[in-house]
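# A closer look at the structure
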Amino acid sequence: MTGTATRYLYLVRHGEALADESGLSENGRRQAVLLGRRLRGRPISVVHHGPLARAAETARLVGEQLGGGAVLRETEVAGDYVPYVPERAELPADCADHLVRFLEQATPEERRRGPGLARRAVEEFTGPVAGEEERHELVVTHNFLVGWLVREALDAPKWRWLGLNHANAALTVVRYAPGRPTSVVVFNDTRHLPGELPL
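Here we summarise the structure given alongside this text. (Residues numbered from 1 in each chain as written. Predicted model: local features only at pLDDT ≥ 70, side-chain atom pairs only at ≥ 80, totals over all residues. Heavy atoms only, no water.)

## Concerning the sheet that holds strand β8 (residues 183-189)
For the record, the criterion: In this scheme, strands are said to pair when DSSP sees at least two bridges between them. Think of it this way: any DSSP run of H or I at least four residues long counts as a helix, any run of E at least two long counts as a strand, and we number them from the N terminus. With axes taken as lines fitted to C-alpha atoms, and helix axes fitted only over the stretch in contact, angles between N-to-C directions fall between 0 and 180 degrees.
Within the open sheet, the 6 strands sit side by side as β4-β3-β6-β2-β7-β8. Their pairing is mixed. Only two strands of the sheet have a single neighbouring strand rather than two, namely β4 (71-74) and β8. In this sheet, neighbouring strand axes are inclined to one another by 20° on average, regardless of whether the strands run parallel or antiparallel. Across 6 bridges, the pairing between strand β2 (residues 7-13) and strand β7 (residues 171-176) is antiparallel. When the bridges of β7 are listed, L9 appears paired with V174.

## Some points on the packing of aromatic side chains
Going by this rule: Here a Phe, Tyr or Trp ring, Trp counted by its six-membered ring, pairs with any other such ring whose centre lies within 6.5 Å, and the pair is stacked when the planes are under 30 degrees apart, edge-to-face when over 60, and tilted otherwise. The criterion for a charge sitting over a ring is simple: Lys NZ or Arg CZ within 6 Å of the ring centre, and within 35 degrees of the ring normal.
Going through the model one piece at a time under the given rule, you end up with 3 aromatic pairs. Aromatic side chains F144 and W161 sit 4.9 Å apart centroid to centroid with 65° between the ring planes, which places their arrangement in the edge-to-face category. Residue F144 is found in helix α5 (residues 143-153), and its partner W161 is found in the loop between α5 and β7; the two are separated by 17 residues along the sequence. An aromatic cluster is present here, built from F102, F144 and W161 joined pairwise through their rings. Directly above the aromatic system of W148 lies the positively charged group of R151, at a separation of 4.2 Å from the ring centroid.

Have a look at this one:
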């Protein structure tokens, strides 16, 4: 019978994008390279990334710094989407109006598809892994999914992905160890980006 082992999930928001979001700015490319250098030496086996150019380019640049040991894998579950749209009653009274207005910007299609993709992301990226060897995986994604997965790790209310804002190319690490509580080991860390501070 196969046991379970610890999963280390490295979560990264893409580097700074161009104004038209068609790819990374020069600063965004620098951020991705510096992040890759920080992760060099970690036993990352796979780099999952969303399909949008800013995430794919970040993943490629990070992967180049990892020395070729990690497989790049594009997946829509690491994409840019609204993971959950709360009802007004779920939200704190002092910020409900602001959050409702913010979420009204989402298209009906985003509201329909997002929750299903978020469920799949939790199924695919979280929890201990089957087998005896620990696994290290990187997900290059967007702010909303980082917030959703951190919220999930903390077992916070579903609406709480809102307000968990991640800096470009910042690093969050979540540890899923068998028989132990999920642990957010690092959150929104930008030490590899000289002169930049998290929001």
